Amino acid sequence: MAKLVLSSCILPVLLLFFISGQMETSRAAYVKTWCIAKPSTSKEALENNLQYACNNINAMDCKAIQEGGPCSKPNDLLLYASFAMNAYYQAKGRHYWNCDFSNSGLISLTDPSYGNCTYEGGETAVDDSNSGKWCVASPSASDDQLHACIEFACGKVDCSIIRSGGACFEPNTVKNRASVAMNLYYHQTGQADMSCDFNGSGNIVRTDPSYGDCKLKSG
Ligand SMILES: *[C@@H]1O[C@H](CO)[C@@H](O)[C@H](O)[C@H]1NC(C)=O
Ligand SMILES: *[C@@H]1O[C@H](CO)[C@@H](O)[C@H](O)[C@H]1NC(C)=O
């Protein structure tokens, strides 16, 4: 009798541990991640990141962005820095701090590869929930594409923060302004993955791209 009481008490407890354990693991998933530069990063910081990353990995890993390499066009500093920062992040083991770069790197869930330019990506355990996701302009998106994204997003959401006097007006680059507008739209639509597609010019990131007074919302 005592044995029966004991087991009928312990069994539900064990079951509860088992179920909560399952729930715990279902929130982490192994997915590929990449590292890209935060769109608001200054030219000087991008140059530093590019140098630092290429000097601290196998020199071959930065060959793709050199003259004639598959990632040498378009010639854009943010794009070159993103390539190098990703090569560094992958080579060092994809710890979140390998994509920190003094708070100028973003861990991306979207593959930044384009044309014949491949960004190596490897799996990491990430939180599988929808919280902590933002949308930014893909580093390779053209200014024309991004102007279209701004027009599209700002036709649907209030974009006053990227206008003159708004908290996200500076730095006044197309990539930064488009990123803010795209995130406003992405956030408003409940962070559906498709709403950060923007005809292939959006990247979903796991790192908060906010800077200074420009606060960007996630889920
Ligand atoms: C990719 O490489 C192939 C073969 O080298 C070339 O024919 C093609 O034009 C390249 N595509 C792009 C988008 O650069
Ligand atoms: C995506 O492409 C379609 C067709 O070319 C166009 O109508 C639409 O405005 C584009 N959307 C964005 C966000 O650029």
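Structure first, text after, so check above.
Residues numbered from 1 in each chain as written. Chains lettered and ligands numbered in written order. Predicted model: local features only at pLDDT ≥ 70, side-chain atom pairs only at ≥ 80, totals over all residues. Heavy atoms only, no water.

Any chance you could break down helix H2 (residues 43-55) for me, citing the residues and the numbers?
With 13 residues, H2 should reach 18 Å at 1.5 Å per residue; the first-to-last C-alpha distance of 18 Å fits that figure. Taken together, the buried positions of H2 are occupied by Leu 46, Asn 49, Leu 50, Ala 53 and Cys 54. One side of H2 holds all its buried residues, which, seen down the axis, span an arc of 115°. The exposed set on the far side of H2, more than 90 degrees from its buried face, consists of Glu 44, Asn 48, Gln 51 and Asn 55. The elements touched by buried residues of H2 are strand S1 (28-37) and helix H3 (77-91). (Helix = DSSP H or I, 4+ residues; strand = E, 2+ residues; numbered from the N terminus. Expected span 1.5 Å × (residues − 1). Buried < 20%, exposed > 50% of the residue type's maximum accessible area, 1.4 Å probe, protein only. Arc of directions from axis to C-beta. Contact = heavy atoms within 4.5 Å.)

Report on the state of the cysteines, specifying residues and quantitative values.
Throughout the structure, instances matching the rule amount to six disulfides. The disulfide bridge from Cys 54 ends at Cys 62, spanning 2.0 Å between sulfur atoms. One quick way to see it: the torsion about the S-S bond of Cys 54 and Cys 62 is about -85°, and its sign makes the bridge left-handed. Of the two residues examined, Cys 54 and Cys 62, each falls in the buried class. (Disulfide = S-S within 2.5 Å.)

Before we move on, could you go through the packing of helix H4 (residues 143-154) against helix H5 (residues 174-188) and cite the residues and values that matter?
When two helices pack together, you describe them by how their axes are tilted relative to each other and by the distance separating the axes. Where H4 meets H5, the axes come as close as 9 Å, and the angle between the chain directions of the two elements is 35°. Judged by the sense of rotation from one axis to the other, the crossing of H4 with H5 is left-handed. Of the residues in H5, those in contact with Asp 143, Leu 146, His 147, Cys 149, Ile 150, Phe 152, Ala 153 and Cys 154 of H4 are Val 174, Lys 175, Arg 177, Ala 178, Ala 181, Met 182 and Tyr 185. Partitioned by chemical class, the residues of the contact of H4 with H5 number 11 nonpolar, one polar and three charged. (Axes fitted to C-alpha atoms, helices over the stretch in contact; angles between N-to-C directions. Left-handed = near helix turned anticlockwise from the far one by under 90°. Nonpolar A, V, L, I, M, F, W, Y, C, P; charged D, E, K, R; others polar.)

Can you lay out the packing of aromatic side chains for me, pointing to particular residues and giving the numbers?
Counted according to the given criterion, the structure contains seven aromatic pairs. When the ring of Tyr 88 is compared with that of Phe 101, the centres are 5.4 Å apart and the planes differ by 65°; the resulting orientation is edge-to-face. Of this pair, Tyr 88 sits in helix H3 while Phe 101 sits in the loop between H3 and strand S2 (105-108); the two residues are 13 residues apart in sequence, bridging distant segments of the chain. When the centroid spacing of 5.2 Å and the interplanar angle of 80° are considered together, the rings of Tyr 96 and Trp 97 count as edge-to-face. Take Trp 97: its relative accessible area is 51%, and that puts it in the exposed class. Linked through ring pairs, Tyr 52, Tyr 88 and Phe 101 together constitute an aromatic cluster. (Phe/Tyr/Trp six-rings, centres within 6.5 Å; stacked < 30°, edge-to-face > 60°.)

Residue-level account of empty space enclosed by the protein, with values.
By the definition in use, this model includes one cavity of 30 Å³ or more. Considered as a void within the structure, the largest cavity measures approximately 40 Å³ in volume. Lining the largest cavity are Lys 38, Pro 39, Ser 40, Val 136, Asn 176, Ser 179, Val 180, Pro 209 and Leu 216. By residue number, the principal contributor to the lining of the largest cavity is H5, which donates three residues. (1 Å grid on protein atoms, 1.4 Å probe; cavity = no way out; pocket = protein on both sides within 12 Å on 5 of 7 lines; lining within 4 Å. Points joined across faces, edges and corners; volume = space filled by probe spheres on them.)

Give a detailed account of the layout of surface pockets, specifying residues and quantitative values.
In this approach a probe as big as a water molecule rolls over the atoms, and the regions it shows empty are the leftover space. The computed volume of the largest pocket comes to approximately 250 Å³. Taken together, 14 residues form the lining of the largest pocket, with Pro 39, Thr 41, Leu 46, Leu 78 and Thr 173 sitting closest to its centre. Each residue belonging to the lining of the largest pocket can be placed in one class, and the counts come to six nonpolar, four polar and four charged.

Which residues make up unusual backbone geometry, and what are the values?
Excluding glycine, residues mostly have negative phi values, and the peptide bonds linking residues are mostly trans. Cis rather than trans, the peptide bond between Lys 73 and Pro 74 has omega equal to -5°. Inspection of the secondary structure puts Pro 74 in the loop between H2 and H3. Cis geometry is found at the peptide bond from Glu 170 to Pro 171, where omega equals -10°. Along the polypeptide, Pro 171 turns up in the loop between H4 and H5. For Asn 103, which is not glycine, the phi torsion reads 65° and is therefore positive. Along the chain, Asn 103 turns up in the loop between H3 and S2. The exposure class assigned to Asn 103 is partly exposed, which follows from its relative accessible area of 48%. Even without being glycine, Asn 199 reaches a positive phi, approximately 55°. With respect to the element layout, Asn 199 can be found in the loop between H5 and strand S5 (202-205).

This is a description of form; function is not addressed.
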